[in-house]
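Structural overview for review
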Amino acid sequence: MRISGKTIECVQGDITDQPDMEAIVNAANAGLRSGGGVAGAIHRAAGPGLEAECRSLAPIRPGEAVMTTAHSLPNRHVIHCLGPVYGRDRPSDVLLASCYSNALRLADRAGIASIAFPALSTGAFGYPAEPAARIAFRTILAELPALTAVRRIRFVLFNESDLKTHQRVLEETAGRKPGQG
Ligand code: AR6
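What comes next is a walk through the structure. Being a predicted model, the structure only gives us computed values, none of them experimental.

Let us now look at the site of the ligand. Around the ligand, the structure places 20 residues, and the nearest of them are Asn29, Val38, Thr122, Gly123 and Ala124. A distance of 2.9 Å separates a nitrogen atom of the ligand from a polar backbone atom of Ile15. In this structure, an oxygen atom belonging to the ligand sits 2.9 Å away from a main-chain N or O atom of Gly36. Looking at the shell around the ligand, the element that brings in the most residues is helix α1 (residues 37-46), giving four residues. Tallied by class, the residues present in the shell around the ligand amount to ten nonpolar, eight polar and two charged.

Okay, here's the thing in structure tokens:
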């Protein structure tokens, strides 16, 4: 989908296998260590240098985003976001929105043209997929006009059901019907 001269797309896949994206986003933990889900996959694919680089940046707070290089990943940068634990880190919706806006602003300031996000907080942190997707796309659409470097934003969903939810919510949020532009 093209909006404000930028492309937003949803694909099914693995966040560690997005070689055409300059930056990928990590669904991190506060300590910026390896873990389960996205963080585990990213740290395994990046190699131990990533945890070493992360050490001086940790801990981070819910809603915060920090950037490192990508080590053995096929990207240039990793942007680590700490999503809210649903219902515990409050207000969860505001904190989740901050993750997306902070990640996009950080990427833009670094001159990054393409960035891939996983569905932050929707795994171990328990945020239901549909409300999380609404917050993500509402925030991204609000940030789009101010972005000068970022031109391509990709959502990478692990399974088909999450992909369908995100595609539908993106179309609804952008106020368009499926199939249009
Ligand atoms: N690529 C894309 N999406 C993925 C992948 C992958 N390789 N693996 C999982 N997902 P999660 P959170 C989906 O748990 O909820 C970690 O242990 C997954 O299906 O990775 O923010 C950290 O150490 C889900 O929809 O992130 C933290 O402690 C979404 O990505 C904590 O989990 C996010 O799931 C962070 O929890």
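What follows continues from the structure just given.
Moving on, we come to the packing of helix α3 (residues 92-109) against helix α4 (residues 129-143). Where α3 meets α4, the closest approach of the two axes is 9 Å, and the angle between their N-to-C directions is 40°. One way to sum up the angle between α3 and α4 is to call them oblique. Both α3 and α4 take part in a crossing whose hand is right-handed. Between α3 and α4, the contacting residues are Asp93, Leu96, Ala97, Tyr100, Ser101, Leu104 and Arg105 on the first element and Ala132, Ile135, Ala136, Thr139, Ile140 and Glu143 on the second.

Time to look at the pattern of salt bridges. Evaluated as defined, the whole model comprises 13 salt bridges. The residue Glu64 makes a salt bridge to Arg61 at a minimum N-O spacing of 3.7 Å. For Arg61, a relative accessible area of 59% corresponds to the exposed category. Lys164 is the partner of Glu160 in a salt bridge, and the nearest nitrogen-oxygen pair spans 3.0 Å. On the criterion of helical spacing, the pair formed by Glu160 and Lys164 is a turn pair, its members being four residues apart in helix α5 (residues 160-173). Given a relative accessible area of 45%, Glu160 falls into the partly exposed group.

Turning to α1, a few remarks are in order. Turning to α1, its buried residues are Ala39, Gly40, Ala41, Ile42, His43 and Ala46. Among the structural elements, β3 (23-27), α2 (48-54) and β5 (77-81) are those in contact with the buried residues of α1. Directly beyond the C-terminal end of α1, a positive phi value near 90° is found at Gly47.

Quick look at the packing of aromatic side chains now. Across all of its chains, the model carries five aromatic pairs by this definition. With centroids separated by 5.8 Å and ring planes inclined at 25°, the aromatic side chains of Tyr100 and Phe155 adopt a geometry described as stacked. Here Tyr100, found in helix α3, pairs with Phe155, found in strand β7 (residues 152-157); they are 55 residues apart in sequence, far enough to count as distant. Phe155 shares its class with Tyr100; the two are buried. Between the aromatic rings of Phe137 and Phe155, the centroid separation amounts to 4.8 Å while the plane-to-plane angle is 50°, which identifies the pairing as tilted. Of this pair, Phe137 sits in helix α4 while Phe155 sits in strand β7, and the two are 18 residues apart along the sequence. Classification of Phe137 by relative accessible area gives buried; the value is 0%. Phe155 gets classed as buried once you look at its relative accessible area, which sits at 0%. Here a set of aromatic residues connected by ring pairs shows up, and it is made of Tyr100, Phe117, Phe137 and Phe155.

Parameters and conventions
- Residues numbered from 1 in each chain as written.
- Predicted model: local features only at pLDDT ≥ 70, side-chain atom pairs only at ≥ 80, totals over all residues.
- Heavy atoms only, no water.
- Near = heavy atom within 4 Å.
- Polar contact = N/O pair within 3.5 Å; in protein donor to acceptor, adjacent residues only side chain to side chain.
- Helix = DSSP H or I, 4+ residues; strand = E, 2+ residues; numbered from the N terminus.
- Nonpolar A, V, L, I, M, F, W, Y, C, P; charged D, E, K, R; others polar.
- Axes fitted to C-alpha atoms, helices over the stretch in contact; angles between N-to-C directions.
- Parallel < 35°, antiparallel > 145°, perpendicular 65-115°, else oblique.
- Left-handed = near helix turned anticlockwise from the far one by under 90°.
- Contact = heavy atoms within 4.5 Å.
- Salt bridge = Lys/Arg side-chain N within 4 Å of Asp/Glu carboxyl O.
- Buried < 20%, exposed > 50% of the residue type's maximum accessible area, 1.4 Å probe, protein only.
- Phe/Tyr/Trp six-rings, centres within 6.5 Å; stacked < 30°, edge-to-face > 60°.

Everything listed here is a matter of geometry and, on its own, says nothing about what the molecule does.
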